[in-house]
Amino acid sequence: MTIISLLVVLLVERVTTKSQYWQFEFYFNKYINSTRRLQSEEPSTRSWWWVAIIVVPVILVYVLVQKLSNGLLELVLSTAILMVCVGCPAVRATYKCFLQAANRGDLEACSLYADQIGEPEDTLESFGRNLVWQNYLHYASVILWFTALGASGALLYVLARETFKQLKATQHPSAADARILMHVLDWVPVRITALGFLLVGHFSRAFPTWLGHLLDPQIAAKTLLLNVATQAEEVEPDESNYAEEPSTLVRLAKRNVMFILVAIALLTLSGWIN
C-alpha cells in the first residue's frame, strides 16, 4: 500500500495545485496557535513544550492507523496524511516566478525571488542549490519517512521540521535542541537521497564526496546533500541565462525522486516493504 499512496499523491501533486486545505503549513499554524494557550508559564515546561507538540499527534495517528490495520480505510487515511505532508506550493510558485523573471532578464526580481526561499545563513547559496534543499525537505525526506514508518513517520518529520523552523524564527532557547533532533531525523534520509544523486547523475565525480561524508557525524545534512548534488550535476555559470543553474539542479532533484520511487517499488515487489 505504500507505493500506491506515493504514486497517487505525487501524481496529484504534479498535475494540480493544492488548495490550502491540503497544505501542512495551514494546519500547523492553527495547531501551534492553539497550543500556545495551553502552555505553562514555568520556564522549564516551556522549554520542552515543543517535544509534546511533535510527539502527541504522531502517537495519535499511529494508534488510529493501527486500529484500521490493513484495510481500505488505512490506505485512504495514510494517503490523505501524505498528501498534506508532501510538497510546498509556495516554493513551486516562487520557482515559476523566478524562471519568468530570468527569461525577461530581470535580475532584481530574480534576486528577490531567490531570497524568498533562502534563510539568513543562505546568503552564499545559489537559488538552484536552495531549491535542491527544499526538494529534499518537502519531498525526498517525507517519502522516505513515510516508507519507513507510514503516515506517522511522515507526520513526525514534517512536525519536527516546522517546529524547528518556528523555534529558530523566534530565537527560542530550545532551537538548539530541535536542531539536534533534525540532525538525527535527517541522518539516514539525507544519505539515501545523496546516494540517489550520484546514481542518477555523474557517479564517478560525486561518489568520493558522498563516501567522504557518509560516516561523518558532524556534517550538516544540508552541507552533505548540496556538496553531493553539486558534484553529481555540473553546472557551468552562464551570465546570459540565469535560469540554467536552477533548472538543471531541479531536473536532478526530480530524477532522484523518480529513482527513489522505483527503488521503493522494487522493494515492495520483493516483499521488503508492505
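The model shown is predicted, which means the values in this text are computed figures rather than measured ones.

Focus: unusual backbone geometry
Phi is mostly negative for residues that are not glycine, and the peptide bonds are mostly trans.
Okay, so step 1: You will see that Gln-171, though not glycine, has its phi angle at about 55 degrees, which is positive.
Okay, so step 2: By relative accessible area, Gln-171 is classed as exposed at 72%.

A few points about a nonpolar patch on the surface
Okay, so step 1: Among the surface-exposed residues, Val-55, Ile-59, Tyr-62 and Val-63 lie close enough to one another that they form a single nonpolar patch of about 350 Å² accessible area.
Okay, so step 2: With respect to the secondary-structure elements, Ile-59 resides in helix H3 (residues 43-67).

A closer look at the packing of helix H8 (residues 175-200) against helix H11 (residues 244-269)
Okay, so step 1: One can describe the packing of H8 onto H11 by two numbers: an axis separation of 9 Å at closest approach and a directional angle of 105 degrees. Here H8 is positioned roughly perpendicular relative to H11, judged by the angle of their axes. Facing H8, whose interface residues are Thr-193, Gly-196, Phe-197, Leu-199 and Val-200, H11 presents Leu-252, Ala-253, Arg-255, Asn-256, Phe-259 and Ile-260.
Okay, so step 2: Here the contact of H8 with H11 is built from residues that sort into 7 nonpolar, 3 polar and 1 charged.

Remarks on the nonpolar core
Okay, so step 1: Phe-24, Leu-82, Tyr-136, Val-142, Tyr-157, Phe-197 and Leu-225 are the most contacted members of the largest nonpolar core, which has 64 residues in total.
Okay, so step 2: In terms of residue count, the dominant contributor to this core is helix H7 (residues 127-169) (20 residues).
Okay, so step 3: Excluding anything up to four places from it in sequence, Phe-197 contacts Val-132, Leu-225, Val-228, Ala-229, Ala-232, Leu-252, Ala-253 and Asn-256.

A look at the environment of Thr-230
Okay, so step 1: With respect to the helices, strands and loops of the structure, Thr-230 is situated in helix H10 (residues 221-232).
Okay, so step 2: At 2.7 Å, the side chain of Thr-230 and the backbone oxygen of Leu-226 are in polar contact.

Considerations on helix H5 (residues 89-103)
Okay, so step 1: Spanning 15 residues, H5 covers 21 Å between terminal C-alpha atoms, matching the ideal 21 Å at 1.5 Å per step.
Okay, so step 2: For H5, the full list of buried residues reads Pro-89, Val-91, Thr-94, Tyr-95, Phe-98, Ala-101 and Ala-102.
Okay, so step 3: At the exit of H5 stands Gly-105, carrying a positive phi of roughly 75 degrees.

What to know about the state of the cysteines
Covalently bonding the sulfur atom of one cysteine to the sulfur atom of another cysteine gives a disulfide.
Okay, so step 1: Scanning the entire structure with this criterion turns up 0 disulfides.
Okay, so step 2: Considering cysteine sulfurs only, Cys-110 is the nearest to Cys-97, which forms no disulfide, with 11 Å between them.

Quick look at the packing of aromatic side chains
Okay, so step 1: Taken as a whole, this structure holds 8 aromatic pairs when the rule is applied.
Okay, so step 2: When the ring of Phe-203 is compared with that of Phe-207, the centres are 5.2 Å apart and the planes differ by 15 degrees; the resulting orientation is stacked. Here Phe-203 and its partner Phe-207 are both found in helix H9 (residues 203-214), 4 residues apart, which amounts to about one turn of the helix.
Okay, so step 3: You can call Phe-203 partly exposed: its relative accessible area is 41%.
Okay, so step 4: Ring geometry for Phe-207 and Trp-210: centres 6.1 Å apart, planes at 35 degrees, overall tilted.

Structural notes on the confidence of the model for the protein chain
Okay, so step 1: Of the residues in the protein chain, 92% reach a pLDDT of 70 or more, and the chain-wide mean stands at 89.
Okay, so step 2: The least confident element of the protein chain, judged by mean pLDDT, is helix H6 (residues 107-117) at 83; the most confident is H8 at 96.

Points about the pattern of salt bridges
Okay, so step 1: On inspection of all chains with the given rule, the structure shows 7 salt bridges.
Okay, so step 2: Glu-13 is paired through a salt bridge with Arg-92; the nearest N and O atoms lie 3.3 Å apart. Pair noted here: Glu-13 is in helix H1 (residues 2-15) and Arg-92 is in helix H5, with a separation of 79 residues, a long-range link.
Okay, so step 3: According to the relative accessible area criterion, Glu-13 is buried, its value standing at 4%.

The rules we used
Residues numbered from 1 in each chain as written. Predicted model: local features only at pLDDT ≥ 70, side-chain atom pairs only at ≥ 80, totals over all residues. Heavy atoms only, no water. Buried < 20%, exposed > 50% of the residue type's maximum accessible area, 1.4 Å probe, protein only. Patch = residues over 30% accessible without salt bridge, like charges linked within 9 Å, V, L, I, M, F, W, Y side chains within 5 Å. Areas by Shrake-Rupley, 256 points an atom, 1.4 Å probe, with all protein chains shown as cover. Salt bridge = Lys/Arg side-chain N within 4 Å of Asp/Glu carboxyl O. Helix = DSSP H or I, 4+ residues; strand = E, 2+ residues; numbered from the N terminus. Axes fitted to C-alpha atoms, helices over the stretch in contact; angles between N-to-C directions. Parallel < 35°, antiparallel > 145°, perpendicular 65-115°, else oblique. Contact = heavy atoms within 4.5 Å. Nonpolar A, V, L, I, M, F, W, Y, C, P; charged D, E, K, R; others polar. Core = buried A, V, L, I, M, F, W, Y, C linked by side-chain atoms within 4.5 Å. Polar contact = N/O pair within 3.5 Å; in protein donor to acceptor, adjacent residues only side chain to side chain. Expected span 1.5 Å × (residues − 1). Disulfide = S-S within 2.5 Å. Phe/Tyr/Trp six-rings, centres within 6.5 Å; stacked < 30°, edge-to-face > 60°. pLDDT = per-residue confidence, 0-100.

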